[in-house]
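Residue-level structural notes
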Amino acid sequence: MSDPRFGQNRRTTLPGPLKLDGGALLSPLDIAYETYGTLNADASNAILVCHALTGDQYVASNHPVTGKPGWWTRMIGPDKPIDPARDFVICANVLGSCMGSSGPASINPATGHAWGMAFPVITIRDMVRAQAMLLDHLGVRRLKAVVGGSMGGMQALSWAATFPERVAAAVIIASTARHSAQNIAFHEVGRQAIMADPNWQGGDYYEGTPPAAGLAVARMAAHITYLSEAGLTEKFGRRLQAREAKSFGFDADFQVESYLRYQGLAFTDRFDANAYLYITRALDYFDLAEEHGGTLANAFRDTATRFCLVSFDTDWLYPTRESRAIVQALHAAGAAASFVELSSPFGHDAFLLDSPELNRVVDGFLKAGAAR
Amino acid sequence: MSDLRPDLAIIARNVAAGSRVLDVGCGDGALMAALRDTAGVDARGLEINPANVAAAVGRGLSVVQGDADTDLADYPDASFDYAILSQTLQTTMRPHVVLDHLLRIGRRAFVSFPNFAHWRVRGSLLWGGRMPVTPLLPLKWYETPNIHHVTVDDFRELVRDRGLTVEGAWFLSHGRPARPAAANFFAEHAVFLLRR
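Just so you know, these numbers come straight off a predicted model, no measurement behind them. (Residues numbered from 1 in each chain as written. Chains lettered and ligands numbered in written order. Predicted model: local features only at pLDDT ≥ 70, side-chain atom pairs only at ≥ 80, totals over all residues. Heavy atoms only, no water.)

Helices and strands together make up the secondary structure of chain B, namely eight helices and eight strands. For chain B, the C-alpha radius of gyration of 16 Å lies close to 16 Å, the compact-globule estimate for 196 residues. By principal-axis analysis of the C-alpha atoms, chain B measures approximately 50 × 35 × 35 Å. Buried residues in chain B amount to 51% of all 196 residues. (Helix = DSSP H or I, 4+ residues; strand = E, 2+ residues; numbered from the N terminus. Rg over C-alpha atoms; globule rule 2.2 N^0.38 Å. Buried < 20%, exposed > 50% of the residue type's maximum accessible area, 1.4 Å probe, protein only.)

Let us now look at the overall build of chain A. Within chain A, the secondary structure is distributed over nine helices and 10 strands. Expressed along its principal axes, the backbone C-alpha trace of chain A runs to roughly 65 × 50 × 45 Å. Here chain A, with 372 residues, has 56% of them falling under the buried criterion. Taking the contacts inside chain A whose residues are at least 6 apart along the sequence as the reference set, 72% of them involve residues at least 24 apart. Accessible surface, chain A as shown: approximately 15200 Å² in total, 54% of it carbon and sulfur. (Contact = heavy atoms within 4.5 Å. Areas by Shrake-Rupley, 256 points an atom, 1.4 Å probe, with all protein chains shown as cover.)

Next up on the list: the packing of aromatic side chains. Per the counting criterion, the structure on display carries 20 aromatic pairs over all chains. Relative to Tyr276(A), the ring of Phe271(A) has its centre 6.4 Å away and its plane inclined at 85°; by these criteria the two rings are edge-to-face. Tyr276(A) matches Phe271(A) in its accessibility class, with the two residues each being buried. Taken together, the ring pairs connect Phe113(B), Phe155(B), Phe171(B) and Phe192(B) into an aromatic cluster. Above the ring of Phe267(A), the side-chain terminus of Arg219(A) is found at 4.5 Å from the ring centroid. Residue placement shows Arg179(B) over the ring face of Phe186(B); its charged tip is 4.6 Å from the ring centre. (Phe/Tyr/Trp six-rings, centres within 6.5 Å; stacked < 30°, edge-to-face > 60°. Lys NZ or Arg CZ within 6 Å of the ring centre and 35° of its normal.)

Okay, the nonpolar core next. Ranked by size, the top nonpolar core spans 112 residues in total, and within it Leu95(A), Trp159(A), Phe300(A), Phe307(A) and Phe155(B) carry the most contacts. For this core, the leading source of residues is helix 1 (residues 124–138) of chain A, giving nine residues. Aside from chain neighbours lying at most four places away, what touches Phe300(A) is Leu157(A), Ala161(A), Leu288(A), Phe307(A), Leu330(A) and Ala333(A). Counting 59 residues, the second-largest nonpolar core is a separate cluster that includes Val49(A), Ala174(A), Val21(B) and Met32(B). (Core = buried A, V, L, I, M, F, W, Y, C linked by side-chain atoms within 4.5 Å.)

To continue, consider the interface of chain B and chain A. Taken together, the contacts link 20 residues of chain B with 20 residues of chain A. Ranking the residues of chain B by area buried against chain A places Val57(B), Val64(B) and Gln65(B) at the top, with a combined share of 30%. Counting across the interface, chain B meets chain A through one salt bridge. Taking the shortest distance from any N to any O, the salt bridge between Arg324(A) and Asp71(B) comes out at 3.4 Å. At the surface where chain B touches chain A, the tally comes to nine residue pairs in polar contact (both at pLDDT 80 or more). When contributions to the side of chain B that touches chain A are tallied by element, the ones reaching two or more residues are helix 3 (50–58) and strand 3 (62–65) of chain B. With seven residues, helix 3 of chain B is the largest single contributor of residues to the side of chain B that touches chain A. (Buried area = accessible area lost by both parts, 1.4 Å probe. Salt bridge = Lys/Arg side-chain N within 4 Å of Asp/Glu carboxyl O. Polar contact = N/O pair within 3.5 Å; in protein donor to acceptor, adjacent residues only side chain to side chain.)

The structure is reproduced here in structure tokens:
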């Protein structure tokens, strides 16, 4: 491609400064991102896809570390709801993460060493503001749509609330407008597991051994919240792993134990423990109503953005009632909102799995906007 | 608009162009799409069946999955010019509460329902001694979603009791207009336009 701004595996350094909700000024600002498709002449076909907590910008291209296909190839691709033949798709690594955007693992220009815990605490809105700076850089003034699941859905909501004039449509899947006490509680278990790992060293481990054991435990706890009891029972039941009888010890006798241990360890190969601390904190701080005088409807007052919300009936991390609360607020604000609860046995993870109904809803919603 | 169900066609003809409409129990959005495409109406829908919601969203409509019995309370006062409830009143748990919500949310309300006092229904009960199964009440008693059967005269009484004004009434038999006189006996289906 002749335009050096576009292409895969891009990285850009924006001069900043980015003023963070916590008060700090971040400068310069690295953002790593992927793009698919071509921005049309009037820059009207851009769709921003926002990733979840442990996701990354490799939404529809092979992951450079794991070699696995992109995390949402079910949604993005030829003849999929988001089609690079028609749409210019952007997915950026969020601020605070560890796949190339500025985060605790990147180098602090003031010291020449990794930021570690000296990196400023960030919020979902900070992530969104950083994405807005990237869009400015790419020449995208207004998004055809911003689309995200889970934490990506929070970013999509925050986009619509922070930059309403820049968002024609927002798709929010399996998400929430605020983190509940239960959500925060699970995150705190994960953070304490990381901080209890002797290798954590107050976050200053980048020249030594990373706290992989703590991070693996954090991932194991979180992973349970992404599934459902019915899904776990169906997949594993009480079946034993590669043995005929219980060992009467603490090996991974059960398949479900073995599965979680694998998920935890595999995660440590591709994720930074400090980034996990920072991003879970950003999620815990997320409360869109609080940012707007305590009333969620105020976040969407006079908005012209069209909204589409989807929840899954077995998602107990961000259950349907959270989506309904957002829909009620959108009604109160007079916004155009659609909502559907889809049925799935797979819990929160359902948004990443094959769901013809999800694709149908998103496809119809996005096409309807294009027809106007 | 000609392929709309007859009661929906009546409603579609009588909604003012450019108005704001909430279609409660909107199904796959056929009426909403017609109102949007022919009258520039800003239509929103509430529908209980997820497949219907998906179909309506796929048509570019703003439809929220929900239950008229529990979710109408979430809609702000006077936020629509019209609230529409077509062939749904008889399936709700508390029809009178639903009616109150319709006229709280909308300045006017269209309500359509099958008339349980139609002569064929009466005949079925009187002569056959059986719960009626007719084209408008097609399911047997144990599987029908219609839990609150209502007649034209019953509905008129409810409207009177709630202090509402009838701005229009249309009656249908075999999908064609029926005489307003003795509608309680001859109409298979009624459409009312109500005002607070």
